[in-house]
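Coordinates in review
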Amino acid sequence: MGTIDVQPAGLVACPGDNVTFTLIGVEDTGGMKRANCQTVPIPPEPVSFVWTLTLPPNYPDPLPPLTGQGSVVRVIAKVPGAYSCTLTANLHREDCRPWPSQETYNSPIVRVPDLVSVEWRTHTGNAGLSGCPNNGGQRIFPDWISPTDNPNPADLRRKVDLVARISPAKAGCTVYFTVWDVDDPFDQNNSTMPNVSLIDSNTSGPDNRPTPEPPAPLTGTADAFGEAIASSPFVVSMQPGNNYRAGAAESQTLINTVTQTQADANTPPQYVKFTDMLTVWRKLHVEVDSMSAPDFTNTQVGIIPSAPTYNAANGRATIPLAALEPDFNETDQHKVGRIDILTIGSFVTVATTKAPSPTVEIINAPANIAMANGLWYNLWDDDAGSVPPFVMVGFDAPPVTLPKVPDTGLMPQVFKDAYVEIAPLDMASYQATTVFQRNARNNDEAVTKGNENRSLTSASDFWVVHITSAFQGYVAKDGDPDTEQAAAGLQYGITGVPFWTPWRRAGSLVFLETIRDDKRGNASAMAVMERYTVTHEAGHQFKLEHSDGYAPPDGPAGDYIMSDITDQTGMAPNVSFGAICLKKIREIEYPPQP
Ligand SMILES: [Zn+2]
């Protein structure tokens, strides 16, 4: 009896290895000696062997030639599976039975490992991967974690490892990886969004931004546990929404058979495994600052030029005023305002007349108000209650509170559609010392105020927008008097455009006093409008324009948050970014841009 040995020793081989089957212990030439039998003639023919090789199902190539006639067969195991050899030998027998007789020998099974999985894994030193809430699969943040992150090497945050596993384990087997820029699933996931084809219009990649990325080949070598890590990490691009899928196989030939279509559709061919989709997200840091509390510049001082008139029937009086600055000089500018008259008292104003003979009407006036000619007065903007401890009683407008941290609470859900996550507020950079200004009267003043307390620098590796709580904007749009809302609309916030280099948007101002005035002090309505405005203004820092928020042909009913066409609430119907805005955010290098 003989056996078939396998060389090299061991019953697991890597694809491409030579595997040798050797017959041991069987005579292959004639001649027999018997102890107890009759003499048998020496056979005239040589002994013959027939080797049969068993290959795994779907082995891709024709049966290789069987070599080693008589004793040895070599095969190259190309694909995973079970390999074995059978030998049928015509033999002389020593046991006196007739010849020729046949004996069959089966080799042990040689196993070429299966590639059982391939996955993305956090690269050593980098922040962890997490689940992608938009696309499924996983996501990576390639940006700096903090303003002082400064990773080494510089692209550390962009790196991700690829890990494949083969079973049974066989150290030294090579695994071949390829990474594809696969189809952007945004259009399939948001098929009813108007103009979604601007973002993607088909089911095929490569389509990453700024330029589609070609397939990236990598290799790795399995360790004793069967784990093969690509020897170079994969480096993702920086634009949010860019996405990848990787595949692995145990030969270059096999991985080369994969088509872009298969990678897009997540349908790997036999012997190839795919990863989940990996999607790039960006972190957006919001630097928040605030204007300080309203101060004396929110008032005008003067001397009453002639005797007030007193109406005893309704307790009201009309107070003549000295000349007023233009932004104080509007009909009913001081409706629901306040005037302090030296030695007489503080009064709520309910009406104003304009120059050339400006007056205010007050309520609850004392009879001696008629003697107030020549007294000093201090007239407040209609924001009387805005300076503690004065809180107006009997009116529907409690004071706006400054300083105040801008409310960024709406940003996460709106920016999520652009694959942008809002980082937790870094209160270490919060400054409540932006000098009070009752109106940012034009673009240049808005730029100055918007940049006043900026301390973080935005860059391609670290995205920052800057938001400052402020008081009022353009005089004609600050809601004083209330008729301005119908005439020119209200300005809830502004993101100024500087006309110097570097020509980038300023930080944004959110006008809390105008919001308070518009919402008549309703705290919940004020909070909704503030959050909406913060998000809208942050959008301007991404180069988004009002026209980007329009949604023709749906008309205003289809407008998005970047629109300046609002309904009675002061907001657009769709509190989200439309396709044009999402595309711009996904393509920008970093905010702010002009
Ligand atoms: Zn705007």
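Now for a description of the structure that goes with this document. (Residues numbered from 1 in each chain as written. Predicted model: local features only at pLDDT ≥ 70, side-chain atom pairs only at ≥ 80, totals over all residues. Heavy atoms only, no water.)

1. Some points on a nonpolar patch on the surface
Together, Val301, Ile303, Leu342 and Trp376 give the surface a local cluster of nonpolar side chains, amounting to about 410 Å² of exposed area. Position of Ile303 among the secondary structure elements: in strand S20 (residues 299–303). (Patch = residues over 30% accessible without salt bridge, like charges linked within 9 Å, V, L, I, M, F, W, Y side chains within 5 Å. Areas by Shrake-Rupley, 256 points an atom, 1.4 Å probe, with all protein chains shown as cover. Salt bridge = Lys/Arg side-chain N within 4 Å of Asp/Glu carboxyl O. Helix = DSSP H or I, 4+ residues; strand = E, 2+ residues; numbered from the N terminus.)

2. Details of the pairing of strand S22 (residues 316–320)
Examined bridge by bridge, strand S21 (residues 309–311) and S22 share three bridges and lie antiparallel to one another. Across the sheet, Asn311 pairs through a bridge with Arg316, a residue of S22. Hairpin remark: S21 followed by S22, antiparallel, with four residues in the connecting loop; positive phi at Gly315, about 70°. (Pairing = 2+ DSSP bridges.)

3. Section: the coordination of the zinc ion
The coordination sphere of the zinc ion contains the protein donors His536 (NE2), His540 (NE2) and His546 (NE2), at a distance range of 2.0 to 2.1 Å. For the zinc ion, the donor residues sit on a single chain with the sequence spacing H-x3-H-x5-H. Judged by its relative accessible area of 5%, His540 is buried. (Donors = N, O, S within 2.8 Å, 3.2 Å for Na, K, Ca; no water. Buried < 20%, exposed > 50% of the residue type's maximum accessible area, 1.4 Å probe, protein only.)

4. Quick word on the state of the cysteines
One pass over the full model with this rule turns up one disulfide. For Cys14, the disulfide goes to Cys173, at an S-S distance of 1.9 Å. On the S-S bond that ties Cys14 to Cys173, the torsion sits near -95°, and the link is left-handed. In this pair, Cys14 sits in the loop between strand S1 (3–7) and strand S2 (18–24) while Cys173 sits in the loop between strand S11 (159–167) and strand S12 (174–181), placing the two residues 159 residues apart along the sequence. Side by side, Cys14 and Cys173 carry an identical accessibility label, which is buried. (Disulfide = S-S within 2.5 Å.)

5. Digging into the sheet that holds strand S24 (residues 345–353)
Spatial strand order, S20-S26-S23-S24-S25-S22-S21: seven strands in an open sheet with antiparallel pairing. Strands with a single pairing partner mark the edges of an open sheet, and in this sheet they are S20 and S21. Pairs of neighbouring strands in the sheet enclose a mean axial angle of 30°, with direction left out of account. For S24 and strand S25 (residues 359–362), the ladder comprises four bridges, and the chain directions are antiparallel. (Axes fitted to C-alpha atoms, helices over the stretch in contact; angles between N-to-C directions.)

6. Details of unusual backbone geometry
Note the cis peptide between Ser167 and Pro168, where omega equals 0°. If you trace the backbone, Pro168 turns up in the loop between S11 and S12. One non-glycine residue, Asn195, lies in the positive phi region at around 65°. Using a relative accessible area of 39% as the deciding quantity, one classes Asn195 as partly exposed. A positive phi angle, near 75°, is found at Thr343, a position not held by glycine. Here Thr343 is to be found in the loop between strand S23 (337–341) and S24.

7. Topic: the packing of aromatic side chains
Applying the stated rule across the entire model yields nine aromatic pairs. Taken together, a centroid distance of 5.7 Å and an interplanar angle of 65° make the contact between Trp180 and Phe274 edge-to-face. Of this pair, Trp180 sits in strand S12 while Phe274 sits in strand S17 (residues 273–274), and the two are 94 residues apart along the sequence. Note on accessibility: Trp180 and Phe274 belong to one class, buried. Each ring, one from Phe436 and one from Phe471, has its centre 4.9 Å from the other, and the planes form 65°; the classification is edge-to-face. Of this pair, Phe436 sits in the loop between strand S28 (431–434) and helix H5 (443–451) while Phe471 sits in the loop between strand S29 (463–470) and helix H6 (484–487), placing them 35 residues apart in sequence. There is no split in this pair, since Phe436 and Phe471 are both buried. An aromatic cluster of at least three residues, connected via ring pairs, comprises Phe415, Trp463, Phe542 and Phe577. A cation over an aromatic ring shows up here: Arg139 above the ring of Trp281, its NZ or CZ 4.6 Å from the ring centre. Sitting above the plane of the Phe141 ring, Lys283 keeps its charged end 4.0 Å from the centroid. (Phe/Tyr/Trp six-rings, centres within 6.5 Å; stacked < 30°, edge-to-face > 60°. Lys NZ or Arg CZ within 6 Å of the ring centre and 35° of its normal.)

All quantities given are derived from atomic positions and should not be read as evidence of function.
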